[in-house]
Structure formats: C-alpha cells, structure tokens
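For reference, the chains in residue letters:
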Amino acid sequence: MSDRPKDANANPSPPGGRAGTGGAANAASAMGAQGNSLRSSSPSSGVVSAAPPLPTLPRKGGGFTFRSPISEAPWVRALLIATALAFLALFLFLPLVSVFVEALRRGVGPALAALADPDAIAAIKLTLLVAVIAVPTNLVFGVAAAWAIAKFEFRGKSLLITLIDLPFSVSPVIAGLVYVLLFGAQGYFGPFLAENGIKIIFAVPGIVLATIFVTFPFVARELIPLMQEQGTLEEEAALSLGASGWQTFWRVTLPNVKWGLVYGVLLCNARAMGEFGAVSVVSGHIRGLTNTMPLHVEILYNEYDFVGAFAIASVLALLALVTLVVKTLLEWRFADQIAAATRRH
C-alpha cells in the first residue's frame, strides 16, 4: 500500500473507464465553472440569466470557429456591394456619361463651336468670377464663425449656429426673392440705390450676394465639429507661453484644421459654380451679362440647342470632376498627416 496522501480534489476514474478520463472530466468541469461565471443573477427577483453564446461557424475537419458578431455572411456582403454599385451606376455614372455623349453627338467641332460662342465665354467668365469672390468671402466667415463657436462661450451662440444652417433649410429661390425684396426697384433699399446709381438686382453684385448666401454654411459646418473636438488646450498652452492671438491662430489653430478647411473650400466652390435657383431669380437672364453657366445651359436647352447645352454642361461636369480629383490627390499625398491628425484628436 502506498503511503502517499490522496488528493482531495482528484476525480477518480469511473468503473470501466480508461486512464486519462479524469483529466477530461476536470477540463469539462472547468469549462462549466467558467460558463457559470458568466451567469448573472438579480438579487431582487432571484432570476438567473446566462450570457448569450458567441456565434460560431463549422470548420472543416470538425469543430467550430468563432465569428465576429458584426460580420455578415458572404452572400449578404455581395448583395450590399452589388446594390451600392447599381445605385451609383444608375444615378451617377450613367447621367455623367450621357452628358459627354450628348455633347459629342455631332462631333468635336460643333461642341467646340458652342464653347467658343461669345455668350458661352461670357457665362464661363461670370461663373468663375462669382466663385472667386464668393469662396474667399465664405472662407473668412467660416473660419471666424467656427473659431468663435468652438473656442468661446457667449450669448446668442445657439442663434448663430441656427443662422448658419438657414441656407440648408430655405429654398434658394426664396433666398433670391428676399434679395429682390430688399434691393429691387420696388424693394426697401431700391429708391436709395437708384438715386445713387447703384445696381444690385439684375447685375453681378446680386449674383454674388445670392451665391454667398447659399454657400456660406459649407466652410463653417466643416470646421465647427472639428474645432469642438480639438478643444482649447493647445491654444491655452500657446497663450501661456507668451504667444499672441494671431500667432496662436496661425501656428496652432489653423494647422490643426487645414484639412477640414480644404474640404470646406472644395464643397463651397463646387456649389458656387453650380448654383441655379437663387441666381436665376436675381440675374434677369441677360445674355452675355448676367448669365452664369447653369443659366446658359437652361436657355440653350429651351431653344433646342442640345449640343450647345450639353457642351456647357460638360464643362460644369469637368469642373466638378477636377474638384473631386484634387480632393483625392490631397488625401493620397498627405495621407500620413491626415491619419496622424486623426489619431491625435
């Protein structure tokens, strides 16, 4: 007889069992204990609930492999991707391709001749002029408004945010009518403007004002959440080290938001060049003077000059594609800096 003491926790082998089945029983008991540890009980109701099991998938050769709870079956992913691609092809790629196809239906010569028309050249120049004025104006306003809203607390802050969102909720046509009521010949300031020889409605200033109104939320709305997420710690540190307000803005605030600023400017520029509703109300549709490219496209289409209309529309589409390409190139070129800024904030 052996003098070694028996282990009180040892599980003896059952009669007729094989050697080593005690270890398997211990493992099964440990797994059961671990499962019981996942159970939770409510002291008030005495109800015991078990944690839901992790999803599993059968594996070749027997056994199971765990699957992430947020993953989908391959056929579901394929269906979602196919639906998204079909939607893009039907509502984005097909209309874009049809614009260029219709512009070149009679060949390159007629399309170039339509672009060389004096009225078309005047519309292109006016569109670029309006964008050159409206985008920098909204850039200054957007940065100032975002900085004030994100970095300071003051009365009327909620009202300012609401006013910034106003162009998103008001129809552009209504915005144009507002300017007509203010600066038109029968408007509130119409007599004063007429006495001083100032013309806003049916002239370039009215087009610029209408474009600024419909595009000024883009830069501000791109920067406000970004600046709010960054907080004020870096600015406070710079000020405590002796930096002035302008130095803090140029060397701390602006570098942190430069990519959001770039995206806001690109969106603002695209909307400024493609705006139709508000500009249509205040322009007067004067050929060669107050017609932008969208208005010129409408006039040519109504005159059944489809080649000319689609030729001008193709220029607008190219400008939109150039904007998208510039955005993509910036993201690719400065991907490391964008990722670093995202991780830091």
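Residues numbered from 1 in each chain as written. Predicted model: local features only at pLDDT ≥ 70, side-chain atom pairs only at ≥ 80, totals over all residues. Heavy atoms only, no water.

### Section: the overall build of the protein chain
So, step 1. Secondary structure assignment for the protein chain yields 17 helices and 4 strands.
So, step 2. Taking all contacts inside the protein chain whose residues are at least 6 apart in sequence as the whole, residues at least 24 apart take part in 65%.
So, step 3. Of the roughly 22100 Å² of accessible surface on the protein chain, 68% is carried by carbon and sulfur atoms. (Helix = DSSP H or I, 4+ residues; strand = E, 2+ residues; numbered from the N terminus. Contact = heavy atoms within 4.5 Å. Areas by Shrake-Rupley, 256 points an atom, 1.4 Å probe, with all protein chains shown as cover.)

### Topic: helix α9 (residues 204-215)
So, step 1. Between the first and last C-alpha of α9 there are 17 Å, a value that for 12 residues agrees with the 16 Å anticipated at 1.5 Å per step.
So, step 2. Counting buried positions along α9 yields 9 of 12 residues, so the element is predominantly enclosed.
So, step 3. Those residues of α9 not exposed but buried are G206, I207, V208, A210, T211, I212, F213, V214 and T215. (Expected span 1.5 Å × (residues − 1). Buried < 20%, exposed > 50% of the residue type's maximum accessible area, 1.4 Å probe, protein only.)

### As for the nonpolar core
So, step 1. By size, the foremost hydrophobic cluster in this structure holds 21 residues, and its most contacted members are I164, L223, I224 and L261.
So, step 2. Breaking this core down by element, the ones donating at least two residues are α4 (118-151), α10 (217-230), α12 (245-256) and α13 (258-274).
So, step 3. It is α4 that provides the largest number of residues to this core, a total of 7 residues.
So, step 4. Those residues in contact with L223, other than ones at most four positions away along the chain, are G142, V143, A146, V257, G260 and L261.
So, step 5. With 19 residues, the next largest nonpolar core counts A175, A210, A278 and V279 among its residues. (Core = buried A, V, L, I, M, F, W, Y, C linked by side-chain atoms within 4.5 Å.)

### A word on the packing of helix α15 (residues 293-302) against helix α16 (residues 306-333)
So, step 1. Taken N-terminus to C-terminus, the directions of α15 and α16 make an angle of 155°; their axes are 7 Å apart at the nearest point. Considering their axes alone, α15 and α16 lie roughly antiparallel with respect to each other. For α15 against α16, the interelement crossing comes out left-handed. Contact residues: M293, P294, H296, V297, L300 and Y301 in α15; F306, G308, A309, F310, I312, A313, V315, L316 and L319 in α16. (Axes fitted to C-alpha atoms, helices over the stretch in contact; angles between N-to-C directions. Parallel < 35°, antiparallel > 145°, perpendicular 65-115°, else oblique. Left-handed = near helix turned anticlockwise from the far one by under 90°.)

### Here's the deal with unusual backbone geometry
So, step 1. Phi is positive for F202, which is not a glycine, with a value near 65°.
So, step 2. Among the secondary structure elements, F202 is positioned in the loop between α8 (190-195) and α9.
So, step 3. Positive phi, normally seen in glycine, also occurs at Y304, with a value near 65°.
So, step 4. Mapped onto the secondary structure, Y304 falls in the loop between α15 and α16.

### A short note on the confidence of the model for the protein chain
So, step 1. On average, residues of the protein chain score 80 in pLDDT, and 77% of them are at 70 or above.
So, step 2. Across the protein chain, the secondary-structure element scoring lowest on mean pLDDT is strand β1 (residues 40-41), at 42, and the one scoring highest is α9, at 94. (pLDDT = per-residue confidence, 0-100.)

### Looking at the pattern of salt bridges
So, step 1. For the structure on display, the rule yields 7 salt bridges.
So, step 2. With its nearest N and O atoms 2.6 Å apart, the salt bridge here joins R287 to E303. Here the residue R287 occupies a position in the loop between α14 (277-283) and α15, and E303 occupies one in the loop between α15 and α16, the gap between them amounting to 16 residues.
So, step 3. Through salt bridges with shared partners, one network takes in D119, R287 and E303. (Salt bridge = Lys/Arg side-chain N within 4 Å of Asp/Glu carboxyl O.)

### Examining the packing of helix α3 (residues 108-115) against α16
So, step 1. As a packed pair, α3 and α16 sit with axes 9 Å apart at the nearest point and diverge in direction by 75°. What the angle tells us is that α3 and α16 run roughly perpendicular. Contact with α3, carried on its side by P110, A111, A114 and L115, involves V307, G308, A311, I312 and V315 of α16 and no other residues of that element.
So, step 2. Taken together, the residues that form the contact of α3 with α16 break down as 8 nonpolar, 1 polar and no charged. (Nonpolar A, V, L, I, M, F, W, Y, C, P; charged D, E, K, R; others polar.)

### Quick notes on the packing of aromatic side chains
So, step 1. For the structure shown, the criterion picks out 12 aromatic pairs.
So, step 2. When the centroid spacing of 5.3 Å and the interplanar angle of 75° are considered together, the rings of F249 and W250 count as edge-to-face.
So, step 3. Accessibility expressed as a relative area gives 8% for F249, which makes it buried.
So, step 4. An aromatic cluster is present here, built from F141, Y179, F183, F189, F213 and F216 joined pairwise through their rings. (Phe/Tyr/Trp six-rings, centres within 6.5 Å; stacked < 30°, edge-to-face > 60°.)

### Topic: the environment of Q228
So, step 1. Mapped onto the elements, Q228 comes out in helix α10.
So, step 2. The spatial distance from the C-alpha of Q228 to the C-alpha of W147 is 9.0 Å, given a sequence separation of 81 residues.
So, step 3. If we ignore the near neighbours within four places in the chain, the residues touching Q228 are I149 and A150.

### Re the side chain of T290
So, step 1. Here T290 lies in the loop between α14 and α15.
So, step 2. A distance of 2.8 Å separates the side chain of T290 from the backbone oxygen of S283, its partner in a polar contact.
So, step 3. Setting aside residues no more than four positions away along its own chain, T290 makes contact with L126, F202, A203, I207, S283, G284, H285 and L295. (Polar contact = N/O pair within 3.5 Å; in protein donor to acceptor, adjacent residues only side chain to side chain.)

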